[in-house]
Amino acid sequence: MNDKKPFIYVDHAATTRISDSVRAAMEPYLTTAFGNASAAYGAGRAASRAILAARRRIASVLGCLPKEIYFTSGGTESDNWAIKGTAFAHRLQGHIACSAIEHHAVLHSMRFVGQMGMQTSVIPANAEGIVTPDAVDAAMRDDTHLAAVMLANNEIGTVQPIPDIADTVHEHGAVLLCDAVQGMGQIPVDIPTLGADMLALSGHKIGAPKGIGLLYVREGTPLLPLLDGGGQEMHLRAGTENTAAIVGLAQAIEEAAQLPAVDHLRHLQKQLFDGLRAIPGCVVNGTTETDHRLPGNVNVSFPGLDAESLVLHLDRLGICCSAASACTAGVSEPSHVLLAIGRDRAAATASLRFSLGAENTVEEMDAIVCGVRRIVTQLYETQCTFRGI
Ligand code: PLP
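Fair warning: this is a prediction, and the values are worked out from it, not measured in the lab.

### Side note on the layout of surface pockets
Taken as a whole, the largest pocket spans an internal volume of roughly 880 Å³. What lines the largest pocket is a set of 40 residues, and nearest its centre among them are His12, Thr16, Ile206, Gly357 and Ala358. Within the residue set of the lining of the largest pocket, elements represented by two or more residues are α1 (20-30), α9 (243-256), α10 (262-277) and β15 (351-355). Each residue belonging to the lining of the largest pocket can be placed in one class, and the counts come to 17 nonpolar, 16 polar and seven charged. Among the domains, domain 1 (8-17 + 260-386) and domain 2 (20-256) are the pair contributing at least three residues each to the lining of the largest pocket. There is about 540 Å³ of room inside the second largest pocket. The set of elements that each furnish at least two residues to the lining of the second largest pocket consists of α3 (75-89), α4 (104-115) and β12 (322-323).

Shown next as structure tokens:
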């Protein structure tokens with residue numbers, strides 16, 4: 001990397017670096033205590049004890065029973081398992097629903113079970129990026145087995161009213177899957193308060209390694225395994241346990257539950273929103289009411305510009321952020337979340353997400369605003385020249 005170029009990392013919703021404390025907690029299980037947790041000898045029993053301790057620590061933080069925590073390879077697997085495992089438990093009969101702004105791990109799993117014969121439907125979000133309990137109520141049917149509504153959206157950071165949604169789903173006799181991958185560390189994740197029956201978390205968003213996560217499954221919830229093999233994870237998720245990553249996940253969840261940087265993030269978020277809003281053409285995506293938005297999320301569009309090229313221009317300035325839209329064959333596809341909240345195609349292909357972390361600074365926010373202003377102004381001017389305006 002060029003030494004002179006700054007490195008401003010504002011893509012914490014994409015991934016985070018492993019924290020020092022998590023790395024230290026994992027270290028023994030990567031080096032000396034590497035036994036297979038299924039082995040009967042001492043080294044195996046030590047790994048098995050470490051996993052049990054991690055399960056207990058996590059359950060105590062989340063407010064559930066240790067046996068209701070199942071370790072997985074991350075958020076994607078947890079979401080896939082919850083949806084496909086529920087559909088299989090009901091032999092692909094009946095109906096499931098999910099919100100229009102879910103992660104693709106949920107949306108594409110729902111599409112898959114739909115292709116296999118299950119009835120599916122999509123619950124709309126409003127223009128602010130909120131899925132209301134009324135919208136959930138309207139989507140429920142007598143044969144609905146599961147509804148999936150995320151805790152916080154990964155693109156626009158909007159926080160959903162999960163406790164009320166859980167009540168609505170339960171009134172219809174169905175179970176609620178809550179993808180809490182983006183909420184952990186920024187807002188409380190307490191299972192009794194949320195009322196979800198299944199809840200997905202991912203390690204690498206909160207300072208643990210990539211490839212580890214969990215699915216909470218309330219005792220008694222109908223769910224078949226996706227992975228068959230050994231008897232690990234109470235016979236519901238086969239595969240040799242990743243002891244070091246599981247220990248790291250427990251450490252990261254304990255730390256994230258303290259909500260370590262919320263005030264700092266809110267301060268930076270306001271600074272960044274204020275600065276970006278003042279740039280001509282800027283449109284803010286999702287509600288900015290603090291009760292309904294993650295403290296570390298800033299998402300704006302510059303309609304008419306291409307998000308992917310904005311990201312590359314910012315990268316040249318050493319700023320790492322995300323385009324919500326997907327880039328296929330060099331062309332930006334509109335973000336499904338922005339389309340779902342009513343943005344037109346021009347705005348939905350032109351959004352930037354800045355996701356802030358504890359280590360970001362006021363000076364970095366100034367640099368981002370300055371960089372975005374320069375790039376956006378130049379690109380709009382080039383467009384005008386090109387069109388002869
Ligand atoms: N769910 C949400 C809301 C996410 O933001 C992500 C990742 O960005 C995932 C699921 C997938 O998690 P993982 O990367 O651990 O598979």
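Okay, back to it.
### Let's talk about the environment of Gly239
Tracing the sequence through the fold places Gly239 in the loop between α8 (232-235) and α9. By relative accessible area, Gly239 is classed as partly exposed at 28%. The spatial distance from the C-alpha of Gly239 to the C-alpha of Ala307 is 39 Å, given a sequence separation of 68 residues.

### Topic: the domain arrangement of the protein chain
We note that the domain assignment places domain 1 (8-17 + 260-386) and domain 2 (20-256) within the protein chain. For domain 1 and domain 2, the distance between their C-alpha centroids amounts to 28 Å. The partner domain 2 presents 32 residues to the 28 residues of domain 1 that form the contact. Contact with domain 2 buries surface across domain 1, with Leu294, His336 and Ile341 losing the most and accounting together for 26% of the total. Put simply, domain 1 and domain 2 have one salt bridge between them. Linking Asp20 and Arg17 is a salt bridge whose minimum nitrogen-to-oxygen distance equals 3.4 Å. Residue contributions to the side of domain 1 that touches domain 2 peak at four residues, all from helix α12 (residues 336-340). Looking at the side of domain 1 that touches domain 2 residue by residue, the class counts come to twelve nonpolar, twelve polar and four charged.

About the cut-offs
- Residues numbered from 1 in each chain as written.
- Predicted model: local features only at pLDDT ≥ 70, side-chain atom pairs only at ≥ 80, totals over all residues.
- Heavy atoms only, no water.
- 1 Å grid on protein atoms, 1.4 Å probe; cavity = no way out; pocket = protein on both sides within 12 Å on 5 of 7 lines; lining within 4 Å.
- Points joined across faces, edges and corners; volume = space filled by probe spheres on them.
- Helix = DSSP H or I, 4+ residues; strand = E, 2+ residues; numbered from the N terminus.
- Nonpolar A, V, L, I, M, F, W, Y, C, P; charged D, E, K, R; others polar.
- Domains from an automatic or database assignment.
- Buried < 20%, exposed > 50% of the residue type's maximum accessible area, 1.4 Å probe, protein only.
- Contact = heavy atoms within 4.5 Å.
- Buried area = accessible area lost by both parts, 1.4 Å probe.
- Salt bridge = Lys/Arg side-chain N within 4 Å of Asp/Glu carboxyl O.

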